[in-house]
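Take a look at the letters that make up each chain.
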Amino acid sequence: MKPALPVRGSRSASGALSRAVSRALPGAVGSSLFAVLCACAPEPESRTTYLDLDCQQPFDAQSAAVVSQAKLNPAPVEPAEPYRFYSSADGRTSYLVTQPTAPAHPAIMMQRARGTDVITTGCGYGDQAAYDQLLAYLDSLKAWTRK
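Below: a short report on this structure. The shown structure was predicted, so the numbers you read here are calculated from the model rather than taken from an experiment. (Residues numbered from 1 in each chain as written. Predicted model: local features only at pLDDT ≥ 70, side-chain atom pairs only at ≥ 80, totals over all residues. Heavy atoms only, no water.)

**Looking at the overall build of the chain**
Note the cut-off: Put simply, DSSP H or I for four residues or longer makes a helix, DSSP E for two residues or longer makes a strand, and each gets a number counted from the N terminus. Each residue's exposure class comes from its accessible area (1.4 Å probe, protein chains only) as a fraction of the maximum for that residue type: buried when under 20%, exposed when over 50%, partly exposed otherwise. A contact between two residues is defined here by any heavy atoms of the two lying within 4.5 Å. The protein chains shown are the only cover counted for residues, whose accessible areas, like all others here, come from Shrake-Rupley with a 1.4 Å probe.
Helix and strand counts for the chain come out as four helices and five strands. Put simply, the chain runs from its N terminus to its C terminus through helices and strands in the order α-α-α-β-β-β-β-β-α. The buried share among the 147 residues of the chain stands at 26%. Considering only contacts in the chain between residues 6 or more positions apart, those separated by 24 or more positions represent 32%. Split by element, the accessible area of the chain, about 10,400 Å² in all, is 58% carbon and sulfur.

So, in structure tokens, the structure goes:
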């Protein structure tokens, strides 16, 4: 009966691969080849985490922290829109930051994808009724589909 194969990524797996290469190509050639093969293997990509909103922070400080995050892509500027949108590289986190001409300004909203749900949270620093209207608008976009 053959022994079980080692689990991929385990020390025993890399040791088994090293021994197999050394047997197939004895000496320095096998060791060098193994080192080269390992060097070419891609590093596992670490999952980027994005800031949660902290409504205790002032608007200016929080918006600066949000937009300065790594791997956050700004949407193109739309002169007619009083909002700026920023989305994570993986598309699972988005932020909306109001501009001074927005009725709900100052406000910041965040949407996070959780499985099939999209959770919207936000911080309204100004007119509460305008903020509630913006929140309803942003939530309505979740159900929008192209016809």
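**Describing the side chain of Ser-88**
We count it as follows: Any pair of N or O atoms that falls within 3.5 Å is considered a polar contact. Within protein, one atom must be able to donate a hydrogen and the other to accept it, and sequence-neighbouring residues count only if both atoms are side-chain atoms.
Considering the arrangement of structural elements, one finds Ser-88 in strand β2 (residues 83-88). Of the polar contacts made by the side chain of Ser-88, one reaches the backbone nitrogen of Arg-92; its length is 3.2 Å.

**Points about the nonpolar core**
Formally: Nonpolar cores are built from buried Ala, Val, Leu, Ile, Met, Phe, Trp, Tyr and Cys residues. Side-chain atoms within 4.5 Å join them into one set.
Counting residues in each nonpolar core, the largest one holds 11 residues, listed as Tyr-50, Leu-53, Phe-59, Val-66, Leu-72, Tyr-86, Tyr-95, Val-97, Ile-108, Met-110 and Cys-123. Taken together, the elements giving at least two residues each to this core come down to α3 (59-67), β3 (93-98) and β4 (107-114). Once residues lying within four places of it in the same chain are set aside, the contact partners of Tyr-95 are Tyr-50, Leu-51, Leu-53, Val-66, Gln-69, Leu-72, Arg-84, Phe-85, Tyr-86, Met-109, Met-110 and Arg-112. Grouped together as the second largest cluster of nonpolar side chains are 10 residues, Ala-104, Met-109, Tyr-131 and Leu-134 included.

**Here we look at α3**
The following threshold applies: Our arc is simply the arc of the directions from the helix axis toward the C-beta atoms.
Buried within α3 we find Phe-59, Gln-62, Ser-63 and Val-66. Buried residues of α3 fall within an arc of 95° about the axis and therefore sit on the same side. Buried residues belonging to α3 abut β1 (72-74), β3, β4 and β5 (117-124).

**Considering the environment of Pro-76**
When you line up the elements, Pro-76 lands in the loop between β1 and β2. Take Pro-76: its relative accessible area is 68%, and that puts it in the exposed class. Along the primary structure Pro-76 and Tyr-86 are separated by 10 residues, whereas in three dimensions their C-alpha atoms are 9.3 Å apart.

**Considerations on the pattern of salt bridges**
Our working rule: Basic side-chain nitrogens of Lys or Arg form a salt bridge, by our definition, when they fall within 4 Å of a carboxyl oxygen of Asp or Glu.
By the definition in use, this model includes one salt bridge. Ionic pairing is found between Asp-52 and Arg-112, a salt bridge with its closest N-O pair at 2.4 Å. Taken together, the positions of Asp-52 in the loop between α2 (28-40) and α3 and Arg-112 in strand β4 put the pair 60 residues apart, joining distant regions of the chain. Judged by relative accessible area, Asp-52 falls into the exposed class, the value being 53%.

**Brief notes about the sheet that holds β1**
The criterion, for reference: A pair of strands is labelled paired if DSSP reports no fewer than 2 bridges between them. To define axes, lines are fitted to C-alpha atoms, for helices over the stretch in contact only, and angles between the resulting N-to-C directions are given on a 0 to 180 degree scale.
Taking strand neighbours across the sheet as the criterion, the five strands line up as β1-β2-β3-β4-β5 in an open arrangement whose pairing is antiparallel. Of all strands in the sheet, those bounded by a partner on one side alone are β1 and β5. In this sheet, adjacent strand axes meet at a mean angle of 20° when their direction is disregarded. Inspection of the sheet shows β2 paired to β3 by five bridges, in the antiparallel sense. Looking across to β3, one finds that Phe-85 is bridged to Leu-96.

Treat this as a map of the structure, not an account of what it does.
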